[in-house]
Amino acid sequence: LGTVGVKVERLEEDAGLLREAYPDRVQEVDSVYEKLTEKWAQIQELSSLRKIKLEESFQFHKFLVHYRDLAMEVETLDGVCSQNHEARDLTEAALFVYLHLHFKEVQMKCWEESYTALLSSGSVISGVLISEDLVSEKTTELAQAWEAVEAKWEALHANLLAQKQYQAWLRDLEIVSAWLTAKEGLVGETYIGATLPEVESQIKKLDDLRNSIKTQEVKLAVLAEQGREMVEGGHYAGEVIQKKMEEASPRLPTISNKLKERRSVLEAAVQFDQFLTESDELSGWIEEKTAVCTEQDYLDFTNLQGKIQKHVVFEKELQGNTDRVEYLEKIGGKMIENNHYASSQIQEIITKVSGVWNVLLAECQEKKKRLNEAYDEMIYNRSVTELENWLQQVEVELGDKDCGSDLATVRSASKAHSLLENVMSTQLNKVAALGKEAGQYVAGNHFDSDKIRERQASLESSFQRLEGPMTVRSIKLADSLVLQQFYRDLEDELIWIREKEPGVRSTATGSDLYSARNLVHSHETLISELNVHEAKINDVTTRADDLIQSKHFALADIESRSDLLKKRWQGLQALAAARKADLDDAIQIHQFFANAKDIEEWCKEMLPIFSSQDYGKDEDTSKGLLRRNTALTAELQSHGVKIKDLMEEGNRSKQRNIILGNGKKKPKVQALYDYTEKTNREISVKKGTEMILLKSNNKDWWKVDHNGRIGFIPTAYLKKLPAENEMYIEISALPLDAQVSDYCTTTACLKV
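All figures in this text were calculated on a predicted structure; none of them were measured in a lab.

Caption draft 1: Layout of unusual backbone geometry. The backbone of asparagine 339 sits at a positive phi, close to 55 degrees, despite the residue not being glycine. Counting through the fold element by element, asparagine 339 comes out in the loop between helix H8 (304-337) and helix H9 (343-399). Of the residues examined, asparagine 339 reaches a relative accessible area of 67% and is grouped as exposed.

The structure is reproduced here in structure tokens:
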């Protein structure tokens, strides 16, 4: 038909070409072409109708084929669902359930889909050639057969689930039963264990068992409930389930009771092991401490105080461990009261530990006593050693023949000896106290009493040997002190004489009457000092005579020094007398010069008056001048008498051979600050004081003369003054008559 249809289409195209080619025959062409198309349409309609009927026939026969296939499949499914499977364990039961579900999910579902498709195709099958009643009958039969298969599948599924439930319950029960069997063996053991870790391990296992029993109780309860439900539900293995539950139910309480009994036994074993451990540790500790107490380390006094403190700590440690002994006795007593299986052994241990503990306490007290005795002996020995060392020092001091080289050292030695005598008295008291203490040690059975007795006797003997040297040393120091005091006093007097000698040896007589009088006053003060000091000189010489008469061991030196003092004193007195005479002469001469200078000044005053050419301008002035001249003449006569007396005084001085200086000028210095003398060679001055400079060759110290007192002052305290400020007159070789002639033969005097 397809090929013919193509030809028909080509004929249509050919008809069109013919119409164009043969216009006169168009009607003929159209008539032939119409007949052709009508025949072609009839053929197509018949073909379509034929096809529809063939398709209906095909669907019907297909339905019948499917029906036969499904009917055969239903029979197969029915056979499968009618089988009786007996599972031997949970795995097999689970496998049966899985396969049964898989059978439904795969094969039955596939058949069900085919059945549904068959029903769908059956519902649309119709036609004159097909019996609809037959289709309906077949589908009904097939539906009934499928329902029967589903019912059998459900019954088989329920049976398989029951088997699975039973196998699961049986498995859990077997697990619990196996656990009960294992734990029954655990709680039924009689072996306690050789060591504490083994016992503790068993207790831990029992504790773990006790904790797991609770879990197993829950499991067993669940299994009992499941078994009861299965029995009440008419399970096919109900009798077996009931029997197994009756067998398993009483086993768990039995295990619990045996666990308690087993644990009590193990706890007793642990308690006994702990008791043994504690007793062993305590016994070992007591033995160790007893060994410490029996050590004789108190014989070595090194760090004895530290040992005593250590023993105090040791005693505190014992006190701190008293509770351990009491605790051991307490727990042991309780174990005995509770009828422990090792009561006799426990009692022996308690007795042994108590015995060694009491021995330790006794040894501790004995050690404490020995340490205290050793400490007392150490203190005693230390005191004795200090006294012995002191005795050695004293023996060295007493053996020293040097009593001192001067008063200070002799006084120091005497003072030291006096202190030594005082200390000796104190030390003797210490020796007596130590003797009493040693007697107490001996009486108290001190462990080292013989040594203490010997040392005390040696100490007392050493002190007795010092009595003679102490007396000899005391006498010798007394003689040395008297001698050195004499030397000191004699030296002080010689120093005093040396200090005064510059004053009496001074040749300064003053530059004028004022300074001369000051020098005289200073010398009179010195004379007074000499008179006062003469008693001290006499005291020193008298003591020297006494020492000589007593035949002192330094007799020759005393005589020599005494003679020196007497000579120096006599020389000082002689110089002082000569100095006084010189100063008296200087006063007289300076008085002469002062009087002469006054007369000279008067003469210089009168010379212009007497030489005046003014005789008056008139009678009155002449009379006035005359009266004045008369008065001046009287005054001249009076001064003539004075000049005569002055000349007589000059002649007397010439007869005494008094000589004065030539008027040479000496430099002067002035004090810049106050200065206080530090030694007898220096002098004290106030700021602004003027002095005569005697020597300035030393850059640090200058020698000066201040009102007859000569000494040194630091140059930093002085400054030089111009040399022309003052005339300083010294005693020299210029005779007095020459100087008197100079004053008395001046032009002024001669003219007047």
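Further notes follow.
Caption draft 2: View of the state of the cysteines. Summed over the entire model, instances satisfying the criterion amount to 0 disulfides. Cysteine 293 forms no disulfide, and the closest cysteine sulfur to it belongs to cysteine 364, at a distance of 4.8 Å.

Caption draft 3: The arrangement of helix H11 (residues 449-465) in detail. Along its 17 residues, H11 runs 25 Å from first to last C-alpha, staying within 8% of the 24 Å computed at 1.5 Å per residue. Here H11 has its buried residues at Ser449, Ile452, Gln456, Leu459, Ser462 and Phe463. Axial view of H11: buried residues confined to an arc of 150 degrees, hence all on one face. Residues of H11 that are exposed and point more than 90 degrees away from the buried face comprise Glu454 and Gln464.

Caption draft 4: Up close: a negative patch on the surface. Together, Glu9, Glu12, Glu13 and Asp14 give the surface a local cluster of negative charge. Structurally, the position occupied by glutamate 13 is in helix H1 (residues 2-21). On the accessibility criterion, glutamate 13 (57% relative accessible area) is exposed.

Caption draft 5: How the structure looks around the sheet that holds strand S4 (residues 701-706). Read from one edge of the open sheet, 5 strands run S5-S4-S3-S2-S6, paired in antiparallel fashion. Only two strands of the sheet have a single partner each, and these edge strands are strand S5 (709-714) and strand S6 (718-721). Ignoring which end each strand starts from, the neighbouring axes of this sheet average 45 degrees apart. Bridging between strand S3 (residues 690-695) and S4 involves 3 bridges; their strand directions are antiparallel. Directly across from leucine 693, in S4, lies its bridge partner valine 704.

Cut-offs applied
- Residues numbered from 1 in each chain as written.
- Predicted model: local features only at pLDDT ≥ 70, side-chain atom pairs only at ≥ 80, totals over all residues.
- Heavy atoms only, no water.
- Helix = DSSP H or I, 4+ residues; strand = E, 2+ residues; numbered from the N terminus.
- Buried < 20%, exposed > 50% of the residue type's maximum accessible area, 1.4 Å probe, protein only.
- Disulfide = S-S within 2.5 Å.
- Expected span 1.5 Å × (residues − 1).
- Arc of directions from axis to C-beta.
- Patch = residues over 30% accessible without salt bridge, like charges linked within 9 Å, V, L, I, M, F, W, Y side chains within 5 Å.
- Areas by Shrake-Rupley, 256 points an atom, 1.4 Å probe, with all protein chains shown as cover.
- Salt bridge = Lys/Arg side-chain N within 4 Å of Asp/Glu carboxyl O.
- Lys, Arg positive; Asp, Glu negative; His and termini not counted.
- Charge placed at Lys NZ, Arg CZ, Asp CG, Glu CD.
- Pairing = 2+ DSSP bridges.
- Axes fitted to C-alpha atoms, helices over the stretch in contact; angles between N-to-C directions.

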